Amino acid sequence: MPRIDDFTSAVKIELANRAGYKCSFLGCGAATMGPSAESESSSTNSGMACHISAASAGIGARRYDPDMKSDERKSASNGIWMCYTHGKIIDTDETRFSTDTLRAWKKIAEIVAQLMVERNLTYEQALHAAKSKDMITDSILIEGIGKENILIGDVLHDCGVEYIWGRDITNAIRDFLVEHSRNAFQHGNATKIEFKTKKSKLILIDDGVQFDGKSLLGSNKKSGGTISITQLLKNFGSNLILISEREGNNNILTISKLSNPEDVLEITPCSHQMDYSDFRKGSIEFEISETCKELFIVFPKYISPSDIGLLGNKLIGLEEKGKKLIFVMWRMNPWIIQMLKENYPGCEVIQVE
Ligand SMILES: [Zn+2]
Ligand SMILES: [Zn+2]
């Protein structure tokens, strides 16, 4: 007997049609319709229409909305087309897949289906063409060691970051986040870690003792933490920004990928945009919060050697106050970086490609 809020066959067909009869699970895209061995004319459909907001209130039904009307619950707007394998996973794991995630996947699947039809793209090509600028918002809690690989890996998959930043960089980030989490539990005595995705940022918050994830960089120990941060920055460091903050009893680690230097200004308030007139001023002063340990200085484009000469060491006072200076700029000539490092021995330089 069908359950009260099951989809009608008309709704199922509508969902399948709009997804091009392909699975909407991000990265799957499996075909769900084909010929059947039963007879010359029969076909087989291995897909299933899944509920975004659950059909009934089950145990841990994170996706059940008691306020949703029955009509709405069984309408096409509340359905998503999946292959059989992923349909089963979606319907049983309500903790991993939020309604926000599924709605975003549905939207992507429809754009992908459209691109495949209109531009004759493969599924992979269409997925890359369909990517949005922002990741899908998600948030999970890790309450101890043992599941960090799966939990962090699943969030990174589900938020679609690999289609925005690239697969290799996402894998390297996962390595680093897993090692960082283990360190927080094992050495920092953290009791819980929150990992979330927000627009252009990955944010990991732990309640352990104060620890800067970047501090393992350059250590001689061949620990997982050192290897992962070293490789991450060595292979993908140019456009990557890592921010470590201490807020109350929490360490907050933010990772983002810059598409241009000015992106930093939106990512952290501990940042300042310089313009050419700043270089010529006798002294440079700007408001900066006491809590900022690092200060990101964004350079205007086309900096020349004499601009660095004009800047001199006017910002050295900040370094003396214990602020780490991080200069962010488009890729510059190496002699300019050299001059900068002579003026500010403790500085870091991020060059955006
Ligand atoms: Zn369902
Ligand atoms: Zn699938």
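### Things to note about the overall build of the chain
A tally of helices and strands in the chain yields 14 helices and 13 strands. Over its C-alpha atoms, taken along the principal directions, the chain stretches across nearly 80 × 45 × 40 Å. Counting over 353 residues, the chain shows a buried share of 46%. Taking the intrachain contacts of the chain between residues at least 6 apart in sequence as the baseline, contacts between residues at least 24 apart amount to 66%. Within the structure as shown, the chain displays about 18,300 Å² of accessible surface, and the carbon and sulfur contribution to it stands at 51%.

### Digging into the coordination of the zinc ion (ligand 2)
Cys23 (SG), Cys28 (SG), Cys83 (SG) and His86 (ND1) make up the full set of protein donors to the zinc ion (ligand 2), lying at 2.0 to 2.4 Å. Around the zinc ion (ligand 2), the four donor atoms are arranged such that angles at the metal cover 102 to 124 degrees; this shape is classified as tetrahedral. The exposure class of Cys28 is partly exposed, given its relative accessible area of 23%. For His86, a relative accessible area of 16% gives the class buried.

### Some details on the side chain of Ser53
Tracing the sequence through the fold places Ser53 in the loop between β3 (47-51) and α2 (70-73). For Ser53, a relative accessible area of 3% translates into the label buried. Here Arg63 takes part through its backbone oxygen, which lies 2.9 Å from a polar atom of the side chain of Ser53. Setting aside anything within four residues of it in sequence, one finds Ser53 in contact with Arg63, Tyr64, Asp65, Met68, Arg73, Asn78 and Thr99.

### A look at unusual backbone geometry
Of note, the phi angle at Asn120 is positive, near 55 degrees, even though the residue is not glycine. Summarising the element assignment, Asn120 is placed in the loop between α4 (99-119) and α5 (123-130). With phi around 65 degrees, Tyr302 is a residue other than glycine that occupies positive phi space. For Tyr302, the location among the structural elements is in the loop between β11 (294-298) and α12 (305-311).

### Quick look at the sheet that holds strand β7 (residues 201-206)
Across the sheet, five strands lie side by side as β5-β6-β7-β9-β8; this open sheet has antiparallel pairing. Strand pairing shows two members of the sheet lacking a second neighbour, β5 (138-142) and β8 (240-247), which therefore form its edges. When strand polarity is set aside, the average angle formed by the axes of neighbouring strands in this sheet is 15 degrees. By the bridge criterion, six bridges tie β7 to strand β9 (residues 250-257) in an arrangement that is antiparallel.

### Some points on the domain arrangement of the chain
For the chain, the assigned domains are domain 1 (9-130), domain 2 (131-257) and domain 3 (260-353). Summarising the inter-unit geometry, the C-alpha centres of domain 2 and domain 3 are found 26 Å apart. On the domain 3 side, the residues contacting the 13 residues of domain 2 number 13 residues. Buried surface at the junction of domain 2 and domain 3, both sides included, amounts to about 1,100 Å², of which 52% is carbon and sulfur. When residues of domain 2 are sorted by the area they lose upon contact with domain 3, Ser238, Ile241 and Ile243 head the list and together hold 38% of the total. Counting across the interface, domain 2 meets domain 3 through zero salt bridges. Inspection of the domain 2/domain 3 interface yields one residue pair in polar contact (both at pLDDT 80 or more). Tallying contributions element by element places β8 first for the side of domain 2 that touches domain 3, with five residues.

### Concerning the state of the cysteines
Taken as a whole and judged by the stated rule, the model has one disulfide. Note that Cys270 is cross-linked by a disulfide to Cys292, the S-S spacing being 1.9 Å. A torsion of -80 degrees about the S-S bond marks the disulfide between Cys270 and Cys292 as left-handed. One end of the pair, Cys270, is in the loop between α10 (263-267) and β10 (271-273); the other, Cys292, is in the loop between α11 (276-280) and β11, with 22 residues separating them in the sequence. A residue is classified by how much of its surface remains accessible, and Cys270, at 8% relative accessible area, is buried.

### Focus: the pairing of strand β4 (residues 79-83)
Burial analysis of β4 places five of its five residues in the buried class, the great majority of the element. Of the two faces of β4, both are covered, the one formed by Gly79, Trp81 and Cys83 as well as the one formed by Ile80 and Met82. One ladder, built from five bridges, connects β3 with β4; its direction is antiparallel. Paired with Ala49 across the bridge in β4 is Trp81.

### Focus: helix α6 (residues 148-158)
All buried positions along α6 are accounted for by Glu148, Ile152, Gly153, Val155, Leu156, His157 and Asp158. Among the structural elements, α4, β5, α7 (161-165), α8 (167-186), β6 (193-198) and β7 are those in contact with the buried residues of α6. Where α6 ends, the next residue or the one after it, Gly160, has phi of about 80 degrees, a positive value.

### A word on the side chain of Asn183
Position of Asn183 among the secondary structure elements: in helix α8. Assessed through its relative accessible area of 18%, Asn183 is described here as buried. Residues contacting Asn183, with those up to four places away along its chain left out, are Gly188, Leu216 and Gly225.

What counts, and at which threshold
Residues numbered from 1 in each chain as written. Chains lettered and ligands numbered in written order. Predicted model: local features only at pLDDT ≥ 70, side-chain atom pairs only at ≥ 80, totals over all residues. Heavy atoms only, no water. Helix = DSSP H or I, 4+ residues; strand = E, 2+ residues; numbered from the N terminus. Buried < 20%, exposed > 50% of the residue type's maximum accessible area, 1.4 Å probe, protein only. Contact = heavy atoms within 4.5 Å. Areas by Shrake-Rupley, 256 points an atom, 1.4 Å probe, with all protein chains shown as cover. Donors = N, O, S within 2.8 Å, 3.2 Å for Na, K, Ca; no water. Tetrahedral: all angles 85-135°; square planar, octahedral: opposite > 155°, others 65-115°. Polar contact = N/O pair within 3.5 Å; in protein donor to acceptor, adjacent residues only side chain to side chain. Pairing = 2+ DSSP bridges. Axes fitted to C-alpha atoms, helices over the stretch in contact; angles between N-to-C directions. Domains from an automatic or database assignment. Buried area = accessible area lost by both parts, 1.4 Å probe. Salt bridge = Lys/Arg side-chain N within 4 Å of Asp/Glu carboxyl O. Disulfide = S-S within 2.5 Å.

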